[in-house]
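# Architecture and fold: a report
Chain by chain, the residues:
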Amino acid sequence: MFEAIAFYMFSFLTIAMFYITVTTKHSLYALSALAAGMIFISAFFFILGADFMGVVQIIVYSGAVMALYAFGMMFFDTTRELHEKRVNSNLVFGLSGAIALLVVIMVSAPIVGDNLVAQSPIDPSIGNSQAVGIVLFTKYLVPFEVAAVMLLVAMIAGIVLAGKDMDYSFSDKSEEELDAKLETEVVS
Amino acid sequence: MMEITLTHYLVLSTVLFSIGLIGVMRRKNLLMLFFATEILLNSVNIAFVAISHYHGDFTGQMFAFFIIAIAASEVAVGLGLLVLWFKQYNTIDLEKMTEMKG
């Protein structure tokens, strides 16, 4: 009963938030709606008993990714209204066809999956986080290490790409020095 | 109606995926395109965790976990490139990105 109420409420909220994200003309509204939608999605993970995934969803998406986007948006002109692509009819046709196909495949997937055997069954006697740790550090140890290396590579790439001229402090300089630097940049 | 089954979650995941797909199709601003990509990844995560719950199998949760890791690194690299592009050309509209056209 409560599960049904929670499911319908959170699915309505999530769909509404993501709909705002893809349709709004202001990028700040889109950012806030996306962050709210991420938090509502973590509710589904808690309902499904995947506590660890819910916590990771809140920390990584609502914490790290949204903060990264918020910092990234400081570089861009966010006050300007967004222009949208003019959608032609071919695109709409292809899109609706693809979505219809997707619905059929996704809804019929459990029928195909009825004869599947659990590869790593859930043991109800141990908690979710503990079970995640057991599976992650035995069966999925190598993918876990590869993911760690990938995150390190992404972090270094992000610093190298966005962090040029970061050792130059604007607040330490006097007005004349700043003007001189601006002039050299305009010339070059 | 009152009992939530796997199909409920799969339908929700499909709806969210369609919303993300529409976002990818109609957005011209590259940052908004990134947001739509996040929606796509999240809808797939819901499907993975729901299937994991209803089949009593942990593999789905592990896959969702790795998808989150990939999404985080994608955002880091993508935003770095985007900031670099904006510094150089002062716009992040897709239509202006025709530099590589042959």
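Residues numbered from 1 in each chain as written. Chains lettered and ligands numbered in written order. Predicted model: local features only at pLDDT ≥ 70, side-chain atom pairs only at ≥ 80, totals over all residues.

### A few points about the overall build of chain A
- Counting its regular elements, chain A contains seven helices and zero strands.
- Tracing chain A from N to C terminus, the helices and strands come up as α-α-α-α-α-α-α.
- Here chain A holds 188 residues, and 19% of them are scored as buried. (Helix = DSSP H or I, 4+ residues; strand = E, 2+ residues; numbered from the N terminus. Buried ≥ 20, exposed ≤ 12 C-beta atoms within 10 Å, placed from the backbone.)

### A look at the confidence of the model for chain B
Residue and element names in this part refer to chain B.
- For chain B, the mean per-residue pLDDT works out to 84, and 94% of the residues sit at or above 70.
- Looking across chain B, the model is least confident in helix H1 (residues 6-26), with a mean pLDDT of 85, and most confident in helix H2 (residues 30-55), with 90.
- Interface confidence for the predicted complex, expressed as ipTM, amounts to 0.89; the pTM equals 0.82. (pLDDT = per-residue confidence, 0-100.)

### As for helix H1 (residues 2-23) of chain A
- End to end, H1 of chain A covers 31 Å across 22 residues, agreeing with the expected 32 Å (1.5 Å per residue, within 8%).
- Each element contacted by the buried residues of H1 of chain A is listed here: helix H2 (27-47) of chain A together with H1 and H2 of chain B. (Expected span 1.5 Å × (residues − 1). Contact = placed C-beta atoms within 7 Å.)

### Description of the interface of chain A and chain B
- Chain A puts 66 residues into the contact, and the matching count from chain B is 62 residues.
- Every element with two or more residues in the side of chain A that touches chain B is listed here: H1, H2, helix H3 (51-73), helix H4 (89-112), helix H5 (128-136) and helix H6 (141-162) of chain A.
- Across the side of chain A that touches chain B, the residue classes tally to 52 nonpolar, 11 polar and three charged. (Nonpolar A, V, L, I, M, F, W, Y, C, P; charged D, E, K, R; others polar.)

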